[in-house]
Amino acid sequence: LETDRGTAVTANVPVLAFDPTANQDAEFIPRKPAGASGSNAQGYLGARTGSCSLRVEMMGNGSSAELDPAVAALLQVCGFKDTAGAYTPCHPYDQKSLSISFHEDGLLKKLHGCAGNVRIEGEHGKPCYATFDLKGIWQAPTDVALPAVSLPAVVAPRFQACTFTLDATSPKIDRFSFDMGARVEAREDCVAPEGILHYYVADRDPVSSEEH
């Protein structure tokens, strides 16, 4: 998590991620003046934007009732505020942003100022999963050696022998899905080197489904 939103920090929490991706999606701005040679002038990239998606198991930290640190950090940049282990949607002023280091094929890809949407789903007898789709400010990849990382040793609990409460009721279900439907926006600023200060959750259109 970033101390000041949009100010990159060194990533220090390993994430046990399934199917992760990280890509640049900055807009290419062409320049097509008429020229004697008939070719176009060199274009350039606009605001340095990128995206990252990953799926994680919903699990605790193995020693208390708190969530795994990576899961807790990811939820907070999806517009949730952590109050003593209770996560509630919050106003953009109270939101946080994230710096990400993504190692792939000898390249280190970095994003900062990240925020996004989360979808949480579970099926009886299986772990619950949270899928995160994040947007952030892209940094140019660099060649680095793979780091020595200690991944979490906690085994995620299965969705069974538990209590499921929805709006003060406890329905009998075998699976569920919560999609926060977050609309993620960039806080733009021409003074910022990348043209963007950070991303934030501007609005939500949540959808839930349960099967009985």
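Refer to the structure presented above.
Calculation notes
Each chain has its residues counted from 1, following the order in which its sequence is written. Since the coordinates come from a predicted model, pLDDT governs what is reported: local features require at least 70, and pairs of side-chain atoms require 80 or more to be given and counted, while whole-chain, interface and lining totals use all residues. Where side-chain values are given, they derive from all heavy atoms of the structure, hydrogens and water being excluded. Pairing of aromatic rings covers Phe, Tyr and Trp, the last through its six-membered ring, and needs centres within 6.5 Å; plane angles under 30 degrees mean stacked, over 60 mean edge-to-face, and all others mean tilted. Numbered from the N terminus, helices here are DSSP runs of H or I no shorter than four residues, and strands are runs of E no shorter than two. Using a 1.4 Å probe on the protein chains alone, a residue whose accessible area is under 20% of its type maximum counts as buried, one over 50% counts as exposed, and one in between counts as partly exposed. Both cavities and pockets are sets of points on a 1 Å grid over the protein atoms alone; in a cavity a 1.4 Å probe fits but cannot get out, in a pocket the set is open with protein on both sides within 12 Å along at least five of seven lines, and lining residues sit with an atom within 4 Å of a point. Grid points are joined across faces, edges and corners, and a volume is the space filled by probe spheres set on the points. Any residue that is not Ala, Val, Leu, Ile, Met, Phe, Trp, Tyr, Cys, Pro, Asp, Glu, Lys or Arg is counted as polar, Gly included; the first ten are nonpolar and the last four charged.

Asks: Please set out the packing of aromatic side chains residue by residue, giving values where relevant.
Replies: Any pair of aromatic rings gets described here by the distance separating the centres and the angle formed by the planes. For the structure shown, the criterion picks out six aromatic pairs. Relative to Tyr129, the ring of Phe18 has its centre 5.9 Å away and its plane inclined at 85 degrees; by these criteria the two rings are edge-to-face. Here the residue Phe18 occupies a position in strand β1 (residues 18–24), and Tyr129 occupies one in strand β9 (residues 129–143), the gap between them amounting to 111 residues. For the pair Phe164 and Phe176, a centre-to-centre distance of 5.4 Å together with 45 degrees between the ring planes defines the contact as tilted. Here Phe164 is found in the loop between β9 and β10 (175–179), whereas its partner Phe176 is found in strand β10, with twelve residues between them in sequence. As far as the burial class goes, Phe164 and Phe176 line up, both buried.

Asks: Describe empty space enclosed by the protein, and please don't skip the residues or the numbers.
Replies: Within the structure shown, the criterion is met by one cavity of 30 Å³ or more. What the largest cavity holds in volume is close to 50 Å³. Surrounding the largest cavity, Val15, Leu16, Phe18, Val56, Glu57, Met59, Asp68, Ala70, Val71 and Pro152 form its lining. Of all the elements in the fold, those that place two or more residues in the lining of the largest cavity are β4 (49–57) and α1 (69–76). The residue makeup of the lining of the largest cavity, split by class, is eight nonpolar, no polar and two charged.

Asks: Can you explain unusual backbone geometry? Please cite residues and give values.
Replies: Unusually for a residue other than glycine, Asp167 sits at a positive phi of about 55 degrees. Relative to the assigned elements, Asp167 resides in the loop between β9 and β10. When its relative accessible area of 73% is taken as the criterion, Asp167 is described as exposed. Even without glycine at this site, Ala168 takes up a positive phi of about 70 degrees. Judged by relative accessible area, which is 77%, Ala168 ranks as exposed.

Function-wise, these values are silent; they only describe arrangement.
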